[in-house]
Amino acid sequence: MDDDVKIDEKYYSNGILESGIDGVFRKNDKLYNEVKSGTWSQTFKTPNIDYKVGAIDGNRYVQYDQKNVEIIREMCKDRRAFYKEHGTDNPFFAGTAHMMELPKCFAHEISSRWFNNRPWELIKRDREDKILFYAIVNEHYSDFVCHPSGKIPIPYNPSIPTK
């Protein structure tokens, strides 16, 4: 008997967005008609990030406007300094340390640019994809790395595809 749990990647790529859209349709006939036409958008605002979900001529997109990027950048800088002085050992969970605090807008940017919109929940399940994700963070988003070296330790340095 096969006890491995199977993950349906379509749930992440289609399901979340489609179920959210379905909920919006129930409340908004105008938006429903726009979606049927292929060009539409809907904006959602939260305290730290605003999302704009939509499509142009049937091609879906998601835009993020994150408001707390500078706060996270400063927090990572402070954590790097703390780790340099005190080490990265976690007294409560041995062998664990907080290596990065990547804002969601950049995680989504990495997901869409290098991983065909696969979310982090799927990327982290594949060892090679996870290492590539960390290499991309090291290369392009190192301000959000908390490790005292300024780089997330990874077993090898994969080549990052040019996109």
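Our subject is the structure listed above.
Residues numbered from 1 in each chain as written. Predicted model: local features only at pLDDT ≥ 70, side-chain atom pairs only at ≥ 80, totals over all residues. Heavy atoms only, no water.

A.B. asks: Residues and numbers for the overall build of the protein, please.
C.D. replies: Looking only at helices and strands, one finds six helices and three strands in the protein. Tracing the protein from N to C terminus, the helices and strands come up as α-α-β-β-β-α-α-α-α. Each of the 163 residues in the protein was classed as buried or not, and the buried ones make up 32%. Within the protein, counting contacts between residues at least 6 apart in sequence, those at least 24 apart form 47% of the total. Accessible surface, the protein as shown: approximately 11,200 Å² in total, 49% of it carbon and sulfur. (Helix = DSSP H or I, 4+ residues; strand = E, 2+ residues; numbered from the N terminus. Buried < 20%, exposed > 50% of the residue type's maximum accessible area, 1.4 Å probe, protein only. Contact = heavy atoms within 4.5 Å. Areas by Shrake-Rupley, 256 points an atom, 1.4 Å probe, with all protein chains shown as cover.)

A.B. asks: Any chance you could break down the packing of aromatic side chains for me, citing the residues and the numbers?
C.D. replies: Inspection of the entire model under this criterion finds eight aromatic pairs. On the numbers, 5.4 Å between centres and 40 degrees between planes, the contact of Phe 106 with Phe 144 is tilted. Taken together, the residues span a long stretch of sequence, with Phe 106 in helix H4 (residues 104-114) and Phe 144 in the segment after helix H6 (127-140) at a distance of 38 residues. Using a relative accessible area of 2% as the deciding quantity, one classes Phe 144 as buried. Grouped by ring-pair contacts, the aromatic residues Phe 115, Trp 120, Phe 133 and Tyr 134 constitute a single cluster. (Phe/Tyr/Trp six-rings, centres within 6.5 Å; stacked < 30°, edge-to-face > 60°.)

A.B. asks: Go over the pattern of salt bridges, please, and point to the residues and values.
C.D. replies: The full count for this structure, using the stated rule, is five salt bridges. Asp 50 is paired through a salt bridge with Lys 45; the nearest N and O atoms lie 3.6 Å apart. With relative accessibility at 10%, the residue Asp 50 sits in the buried group. Across the pair Asp 129 and Arg 118 runs a salt bridge, and its minimum N-O distance is 2.7 Å. (Salt bridge = Lys/Arg side-chain N within 4 Å of Asp/Glu carboxyl O.)

A.B. asks: Kindly report on the environment of Ile 72, identifying the contributing residues and their values.
C.D. replies: By secondary structure assignment, the location of Ile 72 is in helix H3 (residues 69-86). A residue is classified by how much of its surface remains accessible, and Ile 72, at 11% relative accessible area, is buried. Separated by 71 residues in sequence, Ile 72 and Asp 143 place their C-alpha atoms 9.0 Å apart. Setting aside anything within four residues of it in sequence, one finds Ile 72 in contact with Gln 66, Glu 101, Pro 103 and Phe 144.

A.B. asks: Residues and numbers for the sheet that holds strand E2 (residues 49-56), please.
C.D. replies: Backbone hydrogen bonds hold the strands of a sheet together, and the pairing may be parallel or antiparallel. If you trace the three strands from one edge of the open sheet to the other, you get E1-E2-E3, paired in antiparallel fashion. Unpaired on one side and paired on the other, strand E1 (40-45) and strand E3 (59-66) mark the two borders of the sheet. Sheet twist, expressed as the average angle between the axes of neighbouring strands with direction ignored, equals 15 degrees. Strand direction decides the pairing type here: E1 and E2, joined by six bridges, are antiparallel. What sits directly across from Phe 44, in E2, is Tyr 51. Running over the sheet, H4 touches E2 and E3 and is turned about 150 degrees from E3. (Pairing = 2+ DSSP bridges. Axes fitted to C-alpha atoms, helices over the stretch in contact; angles between N-to-C directions.)

A.B. asks: I'd love a proper account of the packing of H4 against H6, names of residues and values included.
C.D. replies: The geometry of H4 relative to H6 is characterised by a closest axis approach of 11 Å and an angle of 115 degrees between their N-to-C directions. As H4 runs across H6, the sense of the crossing is right-handed. Counted together, Ala 107, Ile 110 and Trp 114 of H4 and Phe 133, Ile 136, Val 137 and His 140 of H6 form the full contact between these two elements. Of the residues contributing to the contact of H4 with H6, the split by class is six nonpolar, one polar and no charged. (Left-handed = near helix turned anticlockwise from the far one by under 90°. Nonpolar A, V, L, I, M, F, W, Y, C, P; charged D, E, K, R; others polar.)

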